[in-house]
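# A look at the structure
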Amino acid sequence: MNRRAQEIRKRIEKRRKERQHFGTSHQELWAITDEERYGQPVVTYDRYPFDEEKHPIFNKETFILKMFLSACLVLVTAILFKNPSDSLEPARQFVKNTMEKEFQFAAVSKWYEKQFGEPLALIPTEKQTKTMPKQYAVPASGRVLESFKKNGQGVMVETASNAKVEAVNEGIVIFAGTKEKLGKTVIIQHADGSESWYGNLGTIAVKLYDFVETGKEVGTAMTNSHDQTKAVFYFAIKQGDHFIDPIQVISFE
């Protein structure tokens, strides 16, 4: 160790003599290395392992790619529903089924209203403070023409001509259009995940994704072609993947 120190001192003395002989600028005085100044090697450390420009968790390139793919997905979905081609019907049906079954619109809406109130509501309204009845309301008074046992899904109800068909419970409209064998149909999804179906309608009074309250008109019953004073509509209740007999919870007569 002493020998090493002596060598460093000799090198410093030699450089000092060279500066005195040739003359040195102020900047050159700093040319003495740390090893020469302190007489021992200086330990250096590696930089912080993460690049300063790259966050260890957030990746800008990945984020931009995900945003681009999301925009493409929205664009493709819009094209599917704007293009009337029959070849795209399976894809459209897949999107509809995914939105109806996998995303619980009514449940999310109910939770949001419970936590924050209605969207853009500044003060609580009367509807927010009252509790909804546990039993279903009657969609329209009449008599059952075709029972649940006959078709295994719903019932056909005879009522007055152009009678209003009303929502039996509040919820989100997840379908408003024409279904095979049911004609003009409205499907409402409720907060508990159940659904109420209203088919064979003459007119539809709601739009897709509307929030409807109990008793709100969803459409009118289809007038009977043989007896213009009577009308018929279809009604069903679906819980999970199965339909239940509406007569168990609703009395039409």
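As shown above, the structure is provided for reference.
Residues numbered from 1 in each chain as written. Predicted model: local features only at pLDDT ≥ 70, side-chain atom pairs only at ≥ 80, totals over all residues. Heavy atoms only, no water.

### Some words on the nonpolar core
Stated precisely, the cut-off is as follows: Put simply, buried Ala, Val, Leu, Ile, Met, Phe, Trp, Tyr and Cys residues joined by side-chain atoms within 4.5 Å make one nonpolar core. For every residue, the accessible area obtained with a 1.4 Å probe (protein chains only) is divided by the maximum for its type, and the residue is called buried under 20%, exposed over 50%, and partly exposed between those limits. Working definition: helices are DSSP H or I runs of at least four residues, strands are E runs of at least two. Numbering for both runs from the N terminus. Contacts are residue-level and defined by heavy atoms, with any inter-residue pair within 4.5 Å sufficient.
Residues Val186, Ile188, Tyr198, Val218, Phe233 and Phe235 are the most contacted members of the largest nonpolar core, which totals 33 residues. Breaking this core down by element, the ones donating at least two residues are β2 (154-160), β4 (171-179), β5 (183-189), β6 (195-204), β8 (217-223), β9 (230-239) and β10 (242-244). Apart from the residues within four sequence positions on either side, Ile188 is in contact with Ala167, Asn169, Gly171, Ile172, Val173, Ser194, Glu195, Ser196, Tyr198, Val212 and Val218.

### Looking at the pairing of β4
A regular strand places its side chains on the two faces of the sheet in alternate fashion. Applied cut-off: Any two strands between which DSSP finds at least two bridges are classified as paired.
Relative to strand β7 (residues 211-212), β4 is paired through 2 bridges, and the arrangement is antiparallel. The residue of β7 that forms the bridge with Gly171 is Val212. As judged from the 7 bridges shared by β4 and β5, these two strands associate in the antiparallel manner. Each residue of the ladder has a partner; that of Gly177, found in β5, is Thr185. Counted along the chain from β4 to the antiparallel partner β5, the turn is 3 residues long, and its residue Lys181 has a positive phi close to 75 degrees.

### Observations concerning the side chain of Glu195
Let me state the cut-off plainly: Counting rule for charge: Lys and Arg are taken as positive, Asp and Glu as negative, and neither His nor the chain ends is counted. Only one rule defines a salt bridge in this text: a Lys or Arg side-chain nitrogen within 4 Å of an Asp or Glu carboxyl oxygen. What qualifies as a polar contact is a pair of N or O atoms within 3.5 Å, subject to a donor-acceptor requirement within protein and to the restriction that residues adjacent in sequence count only when both atoms come from side chains.
Position of Glu195 relative to the elements: it lies in strand β6. Here Glu195 is buried and forms no salt bridge, its nearest opposite-charge partner Lys238 lying at an N-O distance of 4.7 Å. In this structure the side chain of Glu195 is engaged in a polar contact, spanning 3.2 Å, whose partner is the side chain of Trp197.

### What about a nonpolar patch on the surface?
Spelled out, the test is: Patch membership is restricted to residues that have no salt bridge and whose relative accessible area is over 30%. Joining uses 9 Å for like charges and 5 Å for the nonpolar side chains Val, Leu, Ile, Met, Phe, Trp and Tyr. For the area figures, the Shrake-Rupley method with a 1.4 Å probe applies, and any residue is considered shielded solely by the protein chains shown.
There is a patch of nonpolar side chains on the surface, built from Phe63, Ile64 and Met67 and spanning about 320 Å² of accessible area. Considering the arrangement of structural elements, one finds Met67 in helix α3 (residues 60-82).

### Let's talk about the layout of surface pockets
Going by this rule: With a 1 Å grid laid over protein atoms only, a set of points is called a cavity when a 1.4 Å probe fits there but cannot get out and a pocket when it is open yet has protein on both sides within 12 Å along at least five of seven lines; lining residues have an atom within 4 Å of a point. Grid points are joined across faces, edges and corners, and a volume is the space filled by probe spheres set on the points. For this scheme, ten residues count as nonpolar: Ala, Val, Leu, Ile, Met, Phe, Trp, Tyr, Cys and Pro. Four count as charged, namely Asp, Glu, Lys and Arg, and the remainder, Gly too, count as polar.
The calculated volume of the largest pocket comes to roughly 270 Å³. Every residue lining the largest pocket is listed: Glu146, Asn151, Gln153, Met156, Glu180, Lys181, Leu182, Trp197, Asn200, Tyr234, Lys238 and Phe243. Within the residue set of the lining of the largest pocket, elements represented by two or more residues are β6 and β9. Considered class by class, the residues forming the lining of the largest pocket number 5 nonpolar, 3 polar and 4 charged.

### Some details on the pattern of salt bridges
If you walk through the whole model with that rule in mind, you get 2 salt bridges. Glu158 serves as the salt-bridge partner of Arg143, at 2.8 Å between the closest nitrogen and oxygen. On the criterion of sequence distance, the pair formed by Arg143 in strand β1 (residues 143-146) and Glu158 in strand β2 is long-range, its members being 15 residues apart. The partner of Asp210 in a salt bridge is Lys207, and the shortest N-O contact between them spans 3.9 Å.

### Re the packing of aromatic side chains
Using the following cut-off: Each aromatic pair joins two rings of Phe, Tyr and Trp (for Trp, the six-membered one) with centres within 6.5 Å, and gets the label stacked for planes under 30 degrees apart, edge-to-face for over 60, and tilted for any other angle. Geometrically, a lysine NZ or arginine CZ counts as sitting over a ring once it is within 6 Å of the ring centre and also within 35 degrees of the ring normal.
On inspection of all chains with the given rule, the structure shows 2 aromatic pairs. Between Trp197 and Phe243 the ring centres are 5.2 Å apart and the planes differ by 75 degrees, which places this aromatic pair in the edge-to-face class. Pair noted here: Trp197 is in strand β6 and Phe243 is in strand β10, with a separation of 46 residues, a long-range link. By relative accessible area, which is 11% here, Trp197 ends up buried. Owing to a relative accessible area of 18%, Phe243 belongs among the buried residues under this scheme. Its end group placed over the ring of Phe175, Lys179 keeps NZ or CZ at 4.6 Å from the ring centre.

### Concerning the environment of Arg92
Counting through the fold element by element, Arg92 comes out in helix α4 (residues 89-102). Residue classification places Arg92 among the buried residues on the basis of a relative accessible area of 8%. Separated by 11 residues in the primary sequence, Arg92 and Phe81 have C-alpha atoms spaced 6.6 Å apart. The residues touching Arg92, leaving out its near neighbours within four places in the chain, are Leu80, Phe81, Asn83, Pro84, Ser85 and Asp86.

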